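Fold and geometry: a report
Read off the chains here:
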Amino acid sequence: QVQLVESGGGSVQAGGSLNLSCFASQYIYSGNCILWFRQAPEKEREGLASIEIGGRTTHYSDSAKGRFTISLDDGRNAVNLQIDSVRPEDSGTYYCASRGVTSSRGCALWRPLGRDEWGLGTQVTVSS
């Protein structure tokens with residue numbers, strides 16, 4: 001089991017930027033991908049972006065296209081999620097997950113899956 005820890009959350013004013021990090025306890029199998037989700041109060045957890053460990057191919061959900069950038073940080077064994085021009089509706093808890101896949105299509109499924117391994121989340125609050 002891979003342990004994941006999110007960091008980088010906090011309070012930020014609208015229009016600013018955030019860089020969230022998902023640190024892994026060990027190197028992740030190249031057949032896996034890392035995904036970022038967020039969950040606002042009283043809303044469902046929604047997938048935002050993912051990256052394939054082996055080929056570094058990125059995927060973005062409709063909710064994340066444009067202002068979100070996912071990337072690997074090999075030196076820190078981490079996956080980052082940069083959020084530009086943050087808006088109040090970006091507020092919520094952000095989670096990363098590791099998912100084993102047999103094809104890249106599995107990295108672009110934006111609902112939580114039973115086999116996903118989750119971090120505990122980091123809170124983001126955007127003020128207007």
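Model, not experiment: these values are computed from the prediction.

Considerations on the packing of aromatic side chains
- In this structure the tally under the stated criterion is two aromatic pairs.
- Judged by centre distance (4.9 Å) and plane angle (65°), the rings of phenylalanine 37 and tryptophan 118 are edge-to-face. Remark: tryptophan 118 occurs in strand β10 (residues 117-118) and phenylalanine 37 occurs in strand β4 (residues 32-39); sequence separation between them is 81 residues.
- Judged by relative accessible area, which is 27%, tryptophan 118 ranks as partly exposed.
- Considering the side-chain rings of tyrosine 95 and tryptophan 118, the 6.3 Å spacing of their centres and the 90° angle between planes classify their relative orientation as edge-to-face. In this pair, tyrosine 95 sits in strand β9 (residues 92-100) while tryptophan 118 sits in strand β10, placing the two residues 23 residues apart along the sequence.

A closer look at the side chain of arginine 38
- In this fold, arginine 38 is placed in strand β4.
- Taking relative accessible area as the criterion, arginine 38 reaches 10% and is therefore assigned buried.
- A distance of 2.7 Å separates polar atoms of two side chains, one belonging to arginine 38 and the other to glutamate 46.
- Within the local environment of arginine 38, its side chain forms a polar contact with the side chain of aspartate 90, the two groups lying 2.8 Å apart.
- Not counting the four nearest positions on each side in its chain, arginine 38 is found in contact with Glu44, Arg45, Glu46, Leu48, Phe68, Glu89, Asp90, Thr93 and Tyr94.

Rules behind the numbers
Residues numbered from 1 in each chain as written. Predicted model: local features only at pLDDT ≥ 70, side-chain atom pairs only at ≥ 80, totals over all residues. Heavy atoms only, no water. Phe/Tyr/Trp six-rings, centres within 6.5 Å; stacked < 30°, edge-to-face > 60°. Helix = DSSP H or I, 4+ residues; strand = E, 2+ residues; numbered from the N terminus. Buried < 20%, exposed > 50% of the residue type's maximum accessible area, 1.4 Å probe, protein only. Polar contact = N/O pair within 3.5 Å; in protein donor to acceptor, adjacent residues only side chain to side chain. Contact = heavy atoms within 4.5 Å.

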